[in-house]
Each structure stands twice: as C-alpha cells, then as structure tokens.
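Chain residues, written in single-letter form:
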Amino acid sequence: MDIVMAAGVLGDFKLISADVKDILVNLLPPIFGAAFVLWVWGNTKSPLKTFVACIAAGAIWWGIANMDILRDKTGEDINRDKTAAAVMPSRVVDGRPVVAGGERR
C-alpha cells in the first residue's frame, strides 16, 4: 500500500511542477514586462525610452516563449563531440612555472 501511495504522491508532484512551470513561462513574463514598461514610463515620461522598454520586454518574452527552439538551435551550432578542454599555456622561468599572466607560483 505504501508503494502505491508513494507513486501517487510522485504523480501529483509531477503535475504540480508542470503547473508551476506553465505559470512561470506563460504568466509571469507578460506581467513583469508590463510592469517594467509602466515603471520606465513612470520614471522617465519619455516615449522613446518607453518604446525601447516595450521592445526589450517583448524580446525577453519571445525568448522565454521560444526556449525550446533556441536551445535546439544552440545545440546544433555547438559540436560537443570534437571539442576539447583548452590547455592553459605555461612556461618555466628560472626553474619555476609561470602562469599565462606572468605571475610566478
């Protein structure tokens, strides 16, 4: 009986986390974007700055709404199979290693 209950709790937690993600992705960006635009208008009263704030809020909202597309596009551009970690060049001066910035250890 405990295993069935645990499975039900995990299923409920999965549904709640999906709802929270839906709220974070679909509800908060337009609210915060509108608040940002109103804040800029309230502080500056400048139509140009408010327009730029509107464009910025829209760009952020678009980026959040299209995270999957952007993630996949970035994944295609980065070839992780053939990348290697960068080797930090060092040299030896007077028998002691020198870091790339010229500091001696």
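This section reports on the structure supplied with the text. (Residues numbered from 1 in each chain as written. Predicted model: local features only at pLDDT ≥ 70, side-chain atom pairs only at ≥ 80, totals over all residues. Heavy atoms only, no water.)

### As for the overall build of the protein chain
- Counting secondary structure elements, the protein chain contains 4 helices and 2 strands.
- Going from N to C terminus, the protein chain has its helices and strands arranged as α-α-α-α-β-β.
- When each of the 105 residues of the protein chain is scored for burial, the buried share is 11%.
- Residue pairs in contact within the protein chain that sit at least 24 positions apart in sequence constitute 17% of those at least 6 positions apart.
- With an accessible surface of roughly 9,000 Å², the protein chain has 68% of that area assigned to carbon and sulfur atoms. (Helix = DSSP H or I, 4+ residues; strand = E, 2+ residues; numbered from the N terminus. Buried < 20%, exposed > 50% of the residue type's maximum accessible area, 1.4 Å probe, protein only. Contact = heavy atoms within 4.5 Å. Areas by Shrake-Rupley, 256 points an atom, 1.4 Å probe, with all protein chains shown as cover.)

### A look at the side chain of T50
- By the secondary structure assignment, T50 is in helix α3 (residues 47-65).
- Note on T50: relative accessible area 14%, which makes it buried.
- Setting aside chain neighbours within four positions, we find T50 in contact with V37, V40, W41 and T44.

### Focus on a nonpolar patch on the surface
- A cluster of nonpolar residues, L48, F51, V52 and I55, forms a patch on the protein surface that exposes about 420 Å² of accessible area.
- Turning to its location among the elements, I55 is positioned in helix α3. (Patch = residues over 30% accessible without salt bridge, like charges linked within 9 Å, V, L, I, M, F, W, Y side chains within 5 Å. Salt bridge = Lys/Arg side-chain N within 4 Å of Asp/Glu carboxyl O.)

### Overview of helix α2 (residues 28-44)
- In a regular helix each residue adds 1.5 Å, so 17 residues correspond to 24 Å; α2 covers 24 Å between its end C-alpha atoms and thus fits that length.
- Of all the positions in α2, only P29, G33, V37 and V40 are classed as buried. Down the axis of α2, the buried set is contained in an arc of 70°. They therefore lie on one face. Exposed side of α2, more than 90 degrees from the buried face: F32, L38, W39 and N43 are the residues found there. (Expected span 1.5 Å × (residues − 1). Arc of directions from axis to C-beta.)

### Topic: the packing of α2 against α3
- Following both chains from N to C, one finds α2 and α3 inclined at 165°, their axes separated by 9 Å at the closest point. The angle between the axes of α2 and α3 places the two elements in the roughly antiparallel class. The way α2 lies across α3 gives a crossing that is right-handed. On α3, the residues that touch P29, P30, G33, F36, V37, V40, W41 and T44 of α2 are P47, K49, T50, A53, C54, A57, W61 and I64.
- Class assignment of the residues belonging to the contact of α2 with α3 gives a composition of 12 nonpolar, 3 polar and 1 charged. (Axes fitted to C-alpha atoms, helices over the stretch in contact; angles between N-to-C directions. Parallel < 35°, antiparallel > 145°, perpendicular 65-115°, else oblique. Left-handed = near helix turned anticlockwise from the far one by under 90°. Nonpolar A, V, L, I, M, F, W, Y, C, P; charged D, E, K, R; others polar.)

### Digging into unusual backbone geometry
- For K45, which is not glycine, the phi dihedral falls at a positive 55°.
- On the secondary structure map, K45 appears in the loop between α2 and α3.
- Taking relative accessible area as the criterion, K45 reaches 53% and is therefore assigned exposed.

Read these as spatial facts, not as claims about activity.
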